[in-house]
Amino acid sequence: MSFELNGKTYATDEEGYLQNLDDWSKDVAEYIAGTEDVEMTENHWEIVNFLREYYQEYQIAPMIKILIKEMKKKFGPEKGNNKYLYELYPAGPAKQACKIAGLPKPTGCV
Amino acid sequence: METIIQPKDISAKLREILKKADMNACLTCGTCAAGCPSSGIDDMDPRQVYRMLAYGLEEEVIASRWPWVCTGCLRCNRECPMGVNMGPIQKTLKAARARDKVPGSLHKGAVTCAEKGNHIGVPQGDYLWLMEDGAEEMVEEEGLTGIKVPVDKEGANYLMFPNSKEVFGEPDDMKWWWKIFYAAKEDWTIPSENWDSYNWGFFTANDELHKAIVKHQVDNMNKLKAKTMILPDCGGGSLACRMGIHNWFPEALNNWNYVYLYDVLKKYLEEGRIKVDKSRHPQLATYHDSCSHGRKIEMSFGRGYYDEPRWIIDQCCENFVEMHPNKSNSYCCGAGAGMWAGPYKDAAKYHGRRKAESIKNSGAELVIVSCSNCRDMIMKALKPEHNLDIEVKYIWQVVADSLILE
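How each quantity is defined
Residues numbered from 1 in each chain as written. Chains lettered and ligands numbered in written order. Predicted model: local features only at pLDDT ≥ 70, side-chain atom pairs only at ≥ 80, totals over all residues. Heavy atoms only, no water. Helix = DSSP H or I, 4+ residues; strand = E, 2+ residues; numbered from the N terminus. Rg over C-alpha atoms; globule rule 2.2 N^0.38 Å. Buried < 20%, exposed > 50% of the residue type's maximum accessible area, 1.4 Å probe, protein only. Contact = heavy atoms within 4.5 Å. Areas by Shrake-Rupley, 256 points an atom, 1.4 Å probe, with all protein chains shown as cover. Lys, Arg positive; Asp, Glu negative; His and termini not counted. Charge placed at Lys NZ, Arg CZ, Asp CG, Glu CD. Axes fitted to C-alpha atoms, helices over the stretch in contact; angles between N-to-C directions. Left-handed = near helix turned anticlockwise from the far one by under 90°. Nonpolar A, V, L, I, M, F, W, Y, C, P; charged D, E, K, R; others polar. Core = buried A, V, L, I, M, F, W, Y, C linked by side-chain atoms within 4.5 Å. Phe/Tyr/Trp six-rings, centres within 6.5 Å; stacked < 30°, edge-to-face > 60°. Lys NZ or Arg CZ within 6 Å of the ring centre and 35° of its normal. Pairing = 2+ DSSP bridges. Domains from an automatic or database assignment. Buried area = accessible area lost by both parts, 1.4 Å probe. Salt bridge = Lys/Arg side-chain N within 4 Å of Asp/Glu carboxyl O. Polar contact = N/O pair within 3.5 Å; in protein donor to acceptor, adjacent residues only side chain to side chain. Patch = residues over 30% accessible without salt bridge, like charges linked within 9 Å, V, L, I, M, F, W, Y side chains within 5 Å. Parallel < 35°, antiparallel > 145°, perpendicular 65-115°, else oblique.

Draft legend 1. How the structure looks around the overall build of chain B. When its secondary structure is counted, chain B shows 20 helices and 8 strands. Whereas a compact globule of 406 residues would reach a radius of gyration of roughly 22 Å, chain B reaches 22 Å, a difference of no more than 12%. The principal-axis extents of the C-alpha atoms in chain B amount to approximately 85 × 45 × 35 Å. In chain B, which comprises 406 residues, the share counted as buried stands at 59%. Long-range contacts, defined as pairs at least 24 residues apart, comprise 79% of the intrachain contacts of chain B with a sequence gap of at least 6. A total accessible area of about 16,400 Å² is found for chain B, and carbon and sulfur atoms account for 48% of it. Chain B carries 50 positive and 56 negative side-chain charges, and their two centres are separated by 4 Å.

Draft legend 2. Examining the packing of helix α2 (residues 42-58) of chain A against helix α3 (residues 64-75) of chain A more closely. Residues and elements named next belong to chain A. Closest axis-to-axis distance for the α2/α3 pair is 11 Å, and the angle between their directions is 115 degrees. In the packing of α2 onto α3, the handedness of the crossing is right-handed. Taking contact as the criterion, the partners of Glu46, Ile47, Phe50, Leu51, Glu53 and Tyr54 in α2 are, on α3, Ile66, Leu67, Glu70, Met71, Lys74 and Phe75. When its residues are assigned to classes, the contact of α2 with α3 shows 8 nonpolar, no polar and 4 charged.

Draft legend 3. How the structure looks around the nonpolar core. With 161 residues, the main nonpolar core has Ile47(A) and Ile180(B) as its most contacted residues. Top element by residues in this core is α2(A). It accounts for 7 residues. When sequence neighbours within four positions are dropped, the list of residues in contact with Ile180(B) reads Leu265(B), Tyr268(B), Ile274(B), Trp396(B), Val399(B), Ala400(B) and Leu403(B).

Draft legend 4. Main features of the packing of aromatic side chains. All names here are of chain B. Counted by the stated rule, this structure contains 14 aromatic pairs over all chains. Taken together, Trp176, Trp177, Phe181, Trp188, Tyr394 and Trp396 form an aromatic cluster joined through their ring pairs. Over the ring of Trp340 we find Lys345; its NZ or CZ atom is 6.0 Å from the centre of that ring. The ring of Tyr350 carries the charged tip of Arg353 above its face, separated from the ring centre by 3.9 Å.

Draft legend 5. Fine view of the sheet that holds strand β8 (residues 391-394) of chain B. Residues and elements named next belong to chain B. As summarised here, the arrangement of the 4 strands in space is β6-β5-β7-β8, forming an open sheet in which the pairing is parallel. Taken across any chain shown, the strands that pair with only one partner, and hence form the sheet edges, are β6 (319-320) and β8. Of the strands in this sheet, β7 (366-369) and β8 touch helix α19 (residues 372-385), which is tilted by about 175 degrees from β8. In this fold helix α20 (residues 395-402) packs onto β7 and β8, with an angle of close to 90 degrees to the strand it touches most, β8.

Draft legend 6. Just the sheet that holds strand β3 (residues 228-230) of chain B, in detail. All names here are of chain B. Taking strand neighbours across the sheet as the criterion, the 4 strands line up as β2-β1-β3-β4 in an open arrangement whose pairing is parallel. Edge strands, defined here as strands with exactly one partner in the open sheet, are β2 (188-189) and β4 (257-259). Examined bridge by bridge, β3 and β4 share 3 bridges and lie parallel to one another. In the strand pairing of β4, Met229 is matched with Tyr258.

Draft legend 7. Just the domain arrangement of chain B, in detail. Residues and elements named next belong to chain B. When cut into domains, chain B gives domain 1 (12-97), domain 2 (105-259) and domain 3 (274-402). Inter-centroid distance (C-alpha atoms) of domain 1 to domain 3 is 26 Å. Taken together, the 19 residues of domain 1 in the interface contact 21 residues of domain 3. Here domain 1 packs against domain 3, burying approximately 1,600 Å² in sum over the two surfaces, 59% of which is carbon and sulfur. For the pair domain 1 and domain 3, the number of links is 0 salt bridges. Within the residue set of the side of domain 1 that touches domain 3, elements represented by two or more residues are α5 (66-69) and α6 (75-79). In terms of residue count, α6 provides more of the side of domain 1 that touches domain 3 than any other element does, 4 residues in total.

Draft legend 8. A look at the interface of chain B and chain A. Facing the 34 residues of chain B at the interface are 21 residues of chain A. For the pairing of chain B and chain A, the buried interface totals around 2,200 Å² over both sides, and the portion due to carbon and sulfur atoms is 62%. Applying the counting rule to chain B against chain A returns 3 salt bridges. Residue Lys345(B) is joined to Glu15(A) by a salt bridge in which the shortest nitrogen-to-oxygen separation is 3.5 Å. Applying the counting criterion to the chain B and chain A interface returns 10 residue pairs in polar contact (both at pLDDT 80 or more). Breaking the side of chain B that touches chain A down by element, the ones donating at least two residues are α8 (106-116), α9 (124-142), α10 (164-169) and α19 of chain B. Broken down by element, the side of chain B that touches chain A gets its largest block of residues, 7 residues, from α9(B). Of the residues that constitute the side of chain B that touches chain A, the class distribution is 16 nonpolar, 10 polar and 8 charged.

Draft legend 9. Structural view of a negative patch on the surface. A cluster of acidic residues, Glu132(B), Glu136(B), Glu140(B) and Glu141(B), forms a negative patch on the protein surface. Residue class for Glu141(B) comes out exposed when judged on its relative accessible area of 60%.

Draft legend 10. Broad picture of the packing of helix α13 (residues 207-224) of chain B against helix α14 (residues 235-248) of chain B. All names here are of chain B. Interaxial distance between α13 and α14 falls to 9 Å at its minimum, and their mutual angle equals 90 degrees. In terms of their interaxial angle, α13 and α14 are classed as roughly perpendicular. From α13, Asp207, His210, Lys211, Val214, Gln217 and Val218 reach across to α14, where they touch Ala240, Cys241, Gly244, Ile245 and Trp248. In terms of residue class, the contact of α13 with α14 is built from 6 nonpolar, 3 polar and 2 charged.

Draft legend 11. Main features of the environment of Ile190(B). All names here are of chain B. One can find Ile190 in the loop between β2 and α12 (200-203). A relative accessible area of 3% places Ile190 in the buried class. Sequence spacing of Ile190 and Ala226 is 36 residues, and the spatial spacing of their C-alpha atoms is 10.0 Å. If we ignore the near neighbours within four places in the chain, the residues touching Ile190 are Tyr127, Met131, Val149, Pro150, Val151, Asp152, Met160 and Pro162.

Below you can see the structure in the form of structure tokens.
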């Protein structure tokens, strides 16, 4: 499967997750967010950027509890909590935010 | 000119399976097709698939989506008037698919679990931190002084396997069980490694990976000298583990046994080790029978868990109504056999429409479930899709929410 954006073809898995981490760009993220009915704001970017940095360091997406802990450390408790993350990514940060961040789909029943 | 289709030969392996399945007995009556909620997906149905096989169209069926959009609910098998055994046929068709053609990330997850001890690849340090942190939160937020999640405690009564979905994305969902164990003053434990509860080797009909994951579970029981295993969630995980123990590690049962989650909850309630207040659930409640806790184990092990969950719910809920059909005739939610994690979401939702009708017709406001994938399918997929005005809870969540803590 794939999608086209600005004349370039991007390979995805059957659910629209990017096949290649390096294909990711802000435009690609905006495009994927659109397919998920998510409108990217500064708050959304903070999470996506964190996920990409974390993945690049550890080659795995963080557990949600680690995401919350790190968000709390970086942006304070009003952003480091479950409710806030689900408000931004209603289908669940584990799936939706990872997808927009260009990470592979977590291989679990998430 | 008319084309005459000649039957083709099929592989020796499939021929053996078909012999055992007794396809010659098939009357082509279509009971399987009529009773299967997946009939119609890709213009196929179970009867058509089996007749295609009888005609030698093995490669066509293996290449089709059909084996993978089947939720393995086995209503077809249960209802066939001639006893054609369809489960092993579906398994053989899945197993015949090249592993790099297995849909979605199901194969990758099973390999990850066999190698790293959980499907997602959560590092051990993160996992151990999560358990400690979660228990600390329960002390601070719920005042449950002294609550702990014992890891690798030798000789415990119960060993439980965490579900990597919860560890990764829904950690608070583990706390209901923790709270119940706390209230019952149970001696329980979880393993520090190879801890995952579900089994995508089973979902992908990969005996080697299925066995490797069950071996983790058996090895943990042996190593920690635990007395009883609580068969792991999800429904498919429990069935994969139970079948795997009996197929590959039967001698392990000389040293310990296994129980279902219902056995634990019922025992606590019967023995008065936990006390509950049913006025906490005044709303009309119904129960969804997981195929793997009901029909499927009734067919493979002789007894399904139908009465126990209803008895437990009766202790915790004031009003109960059955949905129809129920128990061994219950419709699958659509998430079975890896469909929740797999890529064919539309097929899962299409299958689940029958369950959604059952729920709607019951008039219940609370749907109680016993499997994490049934829960997610009903709560996150069927509820919005069919505008169901319901709350969905695990049966252990209902018990935990009803607890009277002294």
